[in-house]
Every structure is written in structure tokens, then in C-alpha cells.
Amino acid sequence: MNTKERILEAALVLFNEQGERNVTTNHIAAHLGISPGNLYYHFRNKSEIVYEIYQEYEQLVDQTLDVPDDHDLTIQDKAHYLEAVFEGMWVFRFLHRDLAYFIDNDERLRERYTEFSRRCLEKVGAIYHGLRRAGIIEISDEEIKALAINSWLVATSWATYLRTADYDISLEDQITRDRLRRGIYQVFALERPYLKQHVRDEVERVQLSFLSGTA
């Protein structure tokens, strides 16, 4: 990796471990064993580092939600979508700890996130249309729009839920990989009313695997 890539990697590690607001550019430079001046050669300030890391997260999710055109969607495909999205949230978890803060304080990020969310809702809708074509769910176009929004809300708000309503005093960090992945169970729960009868047992097995941690 070149120096710029090393800075981004180190910043992501420190932001995830300590929280972005507790990490300065000097901390990042010291972690890498480089001078602050060397860091500022690549990034003028910490906000630029956050913005670039955010772009990496956005690209990951965009690629994850692409619907294949070479086969009908399956239940395992749907599980894979959710696993990949929630894994991305884990890798970039500092963003979801303080998403409202970042959006409020960076106009570029706010505009980009708004467009990103719109794009994701379209892609989630396309996934549900694909599941309908595959005979897995029975649902109207209007219901697909509502389900896409609700699924997106659960996914993007799950980290906040873990840190507030589901706070566990025994944990040093409320956002663990296993606790985060339990959000997948909740998204499947939203979809359950639309499942066709012949797939209900299979979907329930997949859904429960995320609650038990066996997936």
C-alpha cells in the first residue's frame, strides 16, 4: 500500500476502536509512525479522511446490492445480500455510530449520502421485484416500495438501536459483529407476511440462524 492507503486503513481501525471524535490526525500519524506533515500532504484535515472512507463504504454497498441477470433470485441470494450489507456495516461501523453527526457536519457527505440512500432503495426494491418473479414472495408494487424503505430503516438504524434500547452494560463496545448480524433476523421478519407458503420453512431456518449465530 502507498502512504495514502495506509492512512485510510489506519484511520478506519482507530475510528472503529476509539470513535472518530476521539481520534485526531496526530493520533493517526503516530499510529503509522509518520509525521503529521506527511499526513497533511495527502489529506488537509480529518474530515477529508472520513469522506474518503465513506466513499469506500458506499462503493462496497453499491456492488453488494446489484441483482444478477443470469438466474432467478433464491432465498440464499437474499441472505447473502443481507450478510454482505451488515458485514459492511461492521467493517465501517464508526460511520453508523455517528452517522447523523457526520451528515450534519459535512455538506458533501450529506448530499452524497442522500443520493446513496435513494440508489439503495431502488436496488432493494429491485431485489424484492426479483424475489416476486422467482415466486418467493407475493407482494404488490406499492408494498414493495414500503418494504424497501422499512428494510433500509432497520438496517441503517440497527447500530443505534444496539447502543440505546438494547444497551448491554456488560459490553465495552455495544456494536459487536454477532449483535450487528442479528439485525438480519429483523429484516427477514419484515418480509415474512409476504412469503409464499412453500418457502416459509426454509426462510425460517435461514432467519433463525442469524439470531442464534450459526449462520
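In the nomenclature of an unreviewed UniProt entry, the protein chain corresponds to TetR/AcrR family transcriptional regulator from the organism Litoribrevibacter euphylliae.

Q: Before we move on, could you go through the packing of aromatic side chains and cite the residues and values that matter?
A: Taken as a whole and assessed by the stated rule, the structure comprises 12 aromatic pairs. Ring geometry for F94 versus F102: centroids 5.7 Å apart, planes at 80°, classification edge-to-face. Aromatic rings pair up to connect Y54, Y57, F92, Y113, F116 and W152 into one cluster. Between K78 and the ring centre of F188, over which it is positioned, the NZ or CZ distance is 5.6 Å.

Q: Could you give an account of the UniProt feature "DNA-binding region" (unreviewed entry) in the protein chain, naming the residues involved and the relevant values?
A: In the numbering used here, UniProt assigns the feature "DNA-binding region" (unreviewed entry) to residues 24-43. Along residues 24-43 one finds 75% helix and 0% strand; the C-alpha atoms at either end are 13 Å apart.

Q: Please give an account of the packing of helix α8 (residues 107-133) against helix α9 (residues 141-163) that cites residues and values.
A: With their axes 9 Å apart at the nearest point, α8 and α9 run at an angle of 125° to one another. When the interaxial angle is binned, α8 and α9 end up oblique. Where α8 crosses over α9, the handedness of that crossing is right-handed. Between α8, through Y113, F116, S117, C120, L121, V124, G125, Y128, H129 and R132, and α9, the contact on the second element is made entirely by D141, I144, L147, A148, I149, S151, W152 and T156. Of the residues assigned to the contact of α8 with α9, the class counts are 11 nonpolar, 5 polar and 2 charged.

Rules of the game
- Residues numbered from 1 in each chain as written.
- Predicted model: local features only at pLDDT ≥ 70, side-chain atom pairs only at ≥ 80, totals over all residues.
- Heavy atoms only, no water.
- Phe/Tyr/Trp six-rings, centres within 6.5 Å; stacked < 30°, edge-to-face > 60°.
- Lys NZ or Arg CZ within 6 Å of the ring centre and 35° of its normal.
- UniProt positions renumbered as here; feature names shortened; annotations may be inferred.
- Helix = DSSP H or I, 4+ residues; strand = E, 2+ residues; numbered from the N terminus.
- Axes fitted to C-alpha atoms, helices over the stretch in contact; angles between N-to-C directions.
- Parallel < 35°, antiparallel > 145°, perpendicular 65-115°, else oblique.
- Left-handed = near helix turned anticlockwise from the far one by under 90°.
- Contact = heavy atoms within 4.5 Å.
- Nonpolar A, V, L, I, M, F, W, Y, C, P; charged D, E, K, R; others polar.

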